[in-house]
Amino acid sequence: MTPYSLAFYMDVITTGTVLGLDPTDSPDRVTAVLGEKFAENRFGAHSLHRDYGLAEFSWHRDAPGRAWSGHHIALQVHRLARRDRTLPNEAIRAQYGRFAPRLRFEKVQRLLRRRGIALQEIPEIPANAPYYRTFWQPDSRVAVSVIGMHGEYSAPDHLQVGNVYSIVTPMTTEEVERRRTRPRGGLSAHG
């Protein structure tokens, strides 16, 4: 993997931003930075989702005509395994260069440790355990999802154990605490 694409992941994990965009930025601001090429999904009048290839941004609003409020950013790292060099959009490639088809979590973790940044493993939601593992950076509120093991219909075959599946921001302290206090085994109180 080029050092530039690793720099992209380090920047996102340490800052909780993508090219300086944070989860609270408006759809117009995100488009101004990432460009007009995106797929858009609306779920009623209250949810908006824009897919820029590798990066996805989501917003909500209370009522039609009200301003959009940023909800989260997700990097769908697993999509890189398709070997589509254009998946990271032009703005990201212009800044960081080419991206390898897979991202090894141990490499990310080692580079973060060198910077003095620790990731905490937090409990996985029951529906995904033990096939996925989640690691959290409390200062930036970024969660990194990693393939924990393979199982039929559980984890993509094109990824290996230890590959990063996705990176999401923000993961709130409250969400982490819910995961930590959720009863182990069986369904959570939420479903």
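The structure this text deals with has already been given above.
Notes on the structure follow. (Residues numbered from 1 in each chain as written. Predicted model: local features only at pLDDT ≥ 70, side-chain atom pairs only at ≥ 80, totals over all residues. Heavy atoms only, no water.)

### Details of the overall build of the protein chain
Formally: For the purposes of this entry, the term helix denotes a DSSP run of H or I that reaches at least four residues, the term strand denotes a run of E that reaches at least two, and both are numbered from the N terminus. The globule rule used for comparison is 2.2 Å times the number of residues to the exponent 0.38, while the radius of gyration itself is calculated over C-alpha atoms.
Counting secondary structure elements, the protein chain contains five helices and eight strands. Going from the N terminus to the C terminus, the protein chain shows its helices and strands as α-α-β-β-β-β-α-α-β-β-β-β-α. Whereas a compact globule of 191 residues would reach a radius of gyration of roughly 16 Å, the protein chain reaches 17 Å, a difference of no more than 12%. Overall, the C-alpha framework of the protein chain stretches about 45 × 40 × 35 Å when taken along its three principal axes.

### Regarding the layout of surface pockets
What counts here: The way it works is a 1 Å grid over only the protein atoms, where trapped points that fit a 1.4 Å probe form a cavity and open points with protein on both sides within 12 Å along at least five of seven lines form a pocket, and then any residue with an atom within 4 Å of a point lines it. Grid points are joined across faces, edges and corners, and a volume is the space filled by probe spheres set on the points. Residue classes follow a fixed rule: Ala, Val, Leu, Ile, Met, Phe, Trp, Tyr, Cys and Pro count as nonpolar, while Asp, Glu, Lys and Arg count as charged, and any other residue, Gly among them, counts as polar.
In this structure, the largest pocket encloses a volume near 280 Å³. K37, Y52, T86, N89 and E90 are, among the 16 residues lining the largest pocket, the residues nearest its centre. Grouping the amino acids of the lining of the largest pocket by side-chain chemistry returns five nonpolar, four polar and seven charged.

### Description of the packing of aromatic side chains
Under the convention used in this document: Aromatic contacts are taken between Phe, Tyr and Trp rings whose centres are within 6.5 Å, Trp giving its six-membered ring; a plane angle under 30 degrees counts as stacked, one over 60 as edge-to-face, and the others as tilted.
Enumeration over the complete set of coordinates arrives at nine aromatic pairs. With a centroid separation of 5.2 Å and 75° between ring planes, the pair formed by Y132 and Y165 is classed as edge-to-face. You can see Y132 sitting in strand β6 (residues 132-137) and its partner Y165 sitting in strand β8 (residues 164-169), a full 33 residues away along the chain. Within the aromatic cluster, the residues linked to one another by ring pairs are F8, Y9, Y96 and F99.

### Section: the nonpolar core
Here is a general trend for soluble globular proteins: nonpolar side chains tend to be buried in one another's company. Heads up, the rule is: Here the nonpolar core consists of buried residues drawn from Ala, Val, Leu, Ile, Met, Phe, Trp, Tyr and Cys, with membership extended through side-chain atoms lying within 4.5 Å. Exposed residues in this analysis have more than 50% of their type's maximum accessible area, buried residues have under 20%, and partly exposed residues fall in between, with area computed by a 1.4 Å probe over protein chains only. Pairs of residues are marked as contacts when any of their non-hydrogen atoms sit within 4.5 Å.
Core analysis: the biggest nonpolar cluster contains 37 residues, and F8, Y9, F57, L75 and I167 have the highest contact counts within it. Broken down by element, the residue count for this core peaks at six residues, all from helix α1 (residues 3-15). Look past the residues within four positions of F8 in its chain and what remains in contact with it is V18, L54, L75, I92, Y96 and F99.

### Structural notes on helix α5 (residues 173-181)
Where we set the bar: By arc we mean the arc of the directions from the helix axis to the C-beta atoms, nothing more.
Every buried residue belonging to α5 is among E175, V176 and R179, and all of these are buried. Buried residues of α5, seen end-on, are gathered within an arc of 100° and therefore sit on one face of the element. When the buried face of α5 is taken as reference, the exposed residues oriented beyond 90 degrees from it are E174 and T181.

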